[in-house]
Each structure stands twice: as structure tokens, then as C-alpha cells.
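Residue-level listing of the chains:
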Amino acid sequence: MSEPLHILVIDDDASMRHMLRTLLERADYRVSEAEDGRAGLKQLKDDPADIVLCDVRMPVLGGLDFLQAQAEIPHDATLIMMTAYGSLDLAMECLRLGAYDYISKPFKPDEVVLTLKKAQERLGLKRENRRLQEALEARDKSSELVFRSDAMAQVMRLVSQVAPAPSPV
């Protein structure tokens with residue numbers, strides 16, 4: 001069985017953090033919390049999350065400033081923004097700054113879980129893509145043929161001469 005995904009909830013409203021923690025832990029996620037964007041950045045550095053749920057409006061470091069600052073931290077967390085003061089322009093700005101999705105408050109618990117499932121799928125695809133790229137790079141590095149015979153050297157010279165030809169050889 002795999003380890004549960006780690007969700008970081010950043011919201012200045014303690015009751016919202018508690019409600020999300022309860023909901024997410026019931027859905028088998030590991031949850032950590034931060035009360036503002038600054039604490040969220042520290043948490044992301046110290047214990048990188050898989051997915052971040054971040055409120056847009058917070059007093060110390062708001063969600064938009066968090067989005068800009070988090071780009072300086074090496075991580076692969078998927079960012080989902082939340083706000084009760086939603087507008088299309090704000091949603092577009094969040095997406096432009098790197099958020100994957102945007103949820104308007106108040107939201108239904110099913111809406112949060114569905115959004116997290118989509119983010120989890122995206123995260124899985126990103127990680128699989130990275131794993132395949134690394135395997136391909138490793139294969140490319142190890143694909144140089146090792147040989148000692150003069151006959152094989154002649155074959156390799158011939159291969160390098162005909163390789164650029166557009167027709168089958």
C-alpha cells in the first residue's frame with residue numbers, strides 16, 4: 001500500500017483549516033497546516049507537500065504573493081487556490097501565477113475531494129513523466145556499444161555513414 005498524499009492547507013481561518021483537516025484525513029490524506037502564506041512557505045521548504053490548498057486573502061502573506069514566492073522553492077507540489085471573494089479575473093491571475101485549479105468558497109466537501117483527485121492524477125502523470133525521462137536519459141548514456149574487434153569498428157563506421165539516409169538500409 002502506498003503512502004498517503006501530503007496536503008498542506010494554508011488559511012488564516014482556524015475553523016476552515018480544522019474543517020479541511022477533518023475532511024481530508026477521512027479521505028486518507030496526510031494533512032499539515034499553516035496560518036498564512038509566510039508559514040506556508042516555511043512548511044513547504046521543511047516538509048514538501050504533494051498538494052497545497054491555499055486561501056487567496058490572508059493578512060500576513062496573501063495567496064497571490066504566496067504563488068509568486070513559492071516559485072523560488074524547489075518542489076513539485078500542485079497548487080490549488082481557495083477564496084470567498086472570487087472573480088474570473090482573480091481565478092485567471094491565480095492560474096497565470098502557477099496554480100493548477102481554483103475553488104470558490106463556500107464549497108461542498110465533494111468538490112474539494114474531486115479537485116484533489118484531479119490534482120492527484122496530474123501529480124501522478126508528472127512523476128511518471130519524470131521517471132520515464134530519467135530512464136531514457138540513463139538508457140541513452142549506457143547505449144554506447146563497447147567492442148574491440150576491427151571488424152566491428154568497420155561496421156560502426158558504415159552504420160554512421162548510412163544512418164542519415166532517408167531510405168531504409
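Treat the numbers as computed from the prediction; the structure is a model and nothing was measured. (Residues numbered from 1 in each chain as written. Predicted model: local features only at pLDDT ≥ 70, side-chain atom pairs only at ≥ 80, totals over all residues. Heavy atoms only, no water.)

J.: Even after reading the chapter, I still don't get the nonpolar core, so can you show me in this structure?
T.: Soluble, globular proteins show a tendency: their nonpolar side chains are buried together. Formed by 23 residues in total, the largest nonpolar core has its most connected members in I10, L44, V52, F66, M81 and C94. The set of elements that each furnish at least two residues to this core consists of strand 1 (6-10), helix 2 (37-46), strand 3 (51-55), helix 3 (63-70), strand 4 (78-83) and helix 4 (88-96). Of all the elements, helix 4 adds the most residues to this core, at three residues. Excluding residues within four positions of it along the chain, C94 makes contact with V56, L64, L67, M81, A99 and Y102. (Core = buried A, V, L, I, M, F, W, Y, C linked by side-chain atoms within 4.5 Å. Buried < 20%, exposed > 50% of the residue type's maximum accessible area, 1.4 Å probe, protein only. Helix = DSSP H or I, 4+ residues; strand = E, 2+ residues; numbered from the N terminus. Contact = heavy atoms within 4.5 Å.)

J.: Looking at this structure, how should I read the sheet that holds strand 4?
T.: With parallel pairing, five strands are arranged side by side in an open sheet as 2-1-3-4-5. The open sheet has two edge strands, strand 2 (30-34) and strand 5 (101-104), and neither has a second partner. Sheet twist, expressed as the average angle between the axes of neighbouring strands with direction ignored, equals 20°. With four bridges joining them, strand 1 and strand 3 adopt parallel strand pairing. Paired with V9 across the two strands is L53, which belongs to strand 3. Together, strand 1, strand 2, strand 3 and strand 4 form the strand contacts of helix 1 (residues 14-26), whose direction differs from that of strand 2 by roughly 170°. Sheet contacts for helix 2: strand 1, strand 2 and strand 3; angle to strand 1, the most-contacted strand, approximately 160°. (Pairing = 2+ DSSP bridges. Axes fitted to C-alpha atoms, helices over the stretch in contact; angles between N-to-C directions.)

J.: Looking at this model, I keep getting lost on the environment of Q161. Mind explaining?
T.: In this fold, Q161 is placed in helix 6 (residues 150-162). Judged by relative accessible area, Q161 falls into the exposed class, the value being 60%. C-alpha of Q161 to C-alpha of Y29: the two residues are 132 residues apart in sequence and 56 Å apart in space.

J.: I tried to follow the packing of aromatic side chains on my own but got confused; where do I start?
T.: Each aromatic ring pair is described using two quantities: the centre-to-centre distance and the angle formed by the ring planes. Under the counting rule described, the total for this entry stands at zero aromatic pairs. Positioned over the ring face of Y85 is R57, at 4.2 Å from the centre of the ring. (Phe/Tyr/Trp six-rings, centres within 6.5 Å; stacked < 30°, edge-to-face > 60°. Lys NZ or Arg CZ within 6 Å of the ring centre and 35° of its normal.)

J.: What is the right way to read the pattern of salt bridges from this model?
T.: Two side chains of opposite charge can pair, provided their charged atoms sit close to one another. Tallied over the full model, the rule gives 13 salt bridges. Between E33 and R17 there is a salt bridge whose closest N-O contact spans 3.2 Å. Here E33, found in strand 2, pairs with R17, found in helix 1; they are 16 residues apart in sequence, far enough to count as distant. K105 serves as the salt-bridge partner of D55, at 3.4 Å between the closest nitrogen and oxygen. In this pair, D55 is assigned in strand 3 and K105 in the loop between strand 5 and helix 5 (109-142), connecting sequence segments 50 residues apart. Note on D55: relative accessible area 5%, which makes it buried. Taking relative accessible area as the criterion, K105 reaches 16% and is therefore assigned buried. Residues joined by salt bridges that share partners form a network here, namely R17, R21, E25 and E33. (Salt bridge = Lys/Arg side-chain N within 4 Å of Asp/Glu carboxyl O.)

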